[in-house]
Amino acid sequence: MTSLLCLQPYWNWLVTKLPLWLAPNLITIVGLLVNILTALILMYYDPDAKGTHTAPRWTYLLCGVGLFVYQTLDAIGEWILHSYLHHALFANRYDGEF
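Report on the accompanying structure. (Residues numbered from 1 in each chain as written. Predicted model: local features only at pLDDT ≥ 70, side-chain atom pairs only at ≥ 80, totals over all residues. Heavy atoms only, no water.)

Describing the overall build of the protein chain
Piece 1. Within the protein chain, the regular secondary structure consists of three helices and zero strands.
Piece 2. Here the protein chain holds 98 residues, and the buried ones make up 21% of them.
Piece 3. By sequence separation, contacts in the protein chain at least 24 residues apart represent 69% of the contacts at least 6 residues apart.
Piece 4. Taken as a whole, the protein chain presents about 7600 Å² of accessible surface, with 69% of it coming from carbon and sulfur. (Helix = DSSP H or I, 4+ residues; strand = E, 2+ residues; numbered from the N terminus. Buried < 20%, exposed > 50% of the residue type's maximum accessible area, 1.4 Å probe, protein only. Contact = heavy atoms within 4.5 Å. Areas by Shrake-Rupley, 256 points an atom, 1.4 Å probe, with all protein chains shown as cover.)

This is the structure:
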């Protein structure tokens, strides 16, 4: 429900800002790399994840932002991939009939 009402319009707007040559899988991989990088930063400050080391507050905020970036890039990557496949299949199927 939240993604349909709030995030879907944001994702649709964001897709229009990306260059057309950008591959959908590359978009998803960049989001994954951002998420891995933020997790590595958190693990650097709290290596055992038991709370014995206190990580700075900005590391937790950075992980939250990284997760949001990953979610966003994954969603728009899938949206671009599905819309591209839909248009490609439609064009190949009806190309000779028009």
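Describing helix α2 (residues 24-45)
Piece 1. With 22 residues, α2 extends 33 Å between its outermost C-alpha atoms, agreeing within 8% with the 32 Å of an ideal straight helix rising 1.5 Å per residue.
Piece 2. For α2, the full list of buried residues reads Pro24, Ile27, Gly31 and Thr38. Projected onto a plane normal to the axis of α2, the buried residues spread over an arc of 75 degrees and lie on a single side. Along α2, exposed side chains directed more than 90 degrees from the buried face belong to Asn25, Leu33, Leu37 and Tyr44. (Expected span 1.5 Å × (residues − 1). Arc of directions from axis to C-beta.)

Focus: the environment of Asn35
Piece 1. When you line up the elements, Asn35 lands in helix α2.
Piece 2. Accessibility expressed as a relative area gives 22% for Asn35, which makes it partly exposed.
Piece 3. With 29 residues separating them along the chain, Asn35 and Gly64 place their C-alpha atoms 9.1 Å apart.

What to know about a nonpolar patch on the surface
Piece 1. Where nonpolar side chains cluster on the molecular surface, the patch consists of Ile29, Leu32, Leu33, Ile36, Leu40 and Met43 and spans about 560 Å² of accessible area.
Piece 2. Take Ile36: it is sitting in helix α2. (Patch = residues over 30% accessible without salt bridge, like charges linked within 9 Å, V, L, I, M, F, W, Y side chains within 5 Å. Salt bridge = Lys/Arg side-chain N within 4 Å of Asp/Glu carboxyl O.)

Quick notes on the environment of Glu78
Piece 1. Relative to the helices and strands, Glu78 is located in helix α3 (residues 57-94).
Piece 2. For Glu78, a relative accessible area of 40% corresponds to the partly exposed category.
Piece 3. Distance in space between the C-alpha atoms of Glu78 and Ile27 is 9.1 Å, their sequence separation being 51 residues.

Quick notes on the nonpolar core
Piece 1. Among the nonpolar cores identified, the biggest contains ten residues, and these are Leu7, Trp11, Leu14, Val15, Leu22, Ile27, Leu73, Ala75, Ile76 and Ile80.
Piece 2. If near-sequence neighbours (up to four positions away) are discounted, Ile76 is found in contact with Trp11, Leu14, Val15, Leu18 and Ile27. (Core = buried A, V, L, I, M, F, W, Y, C linked by side-chain atoms within 4.5 Å.)

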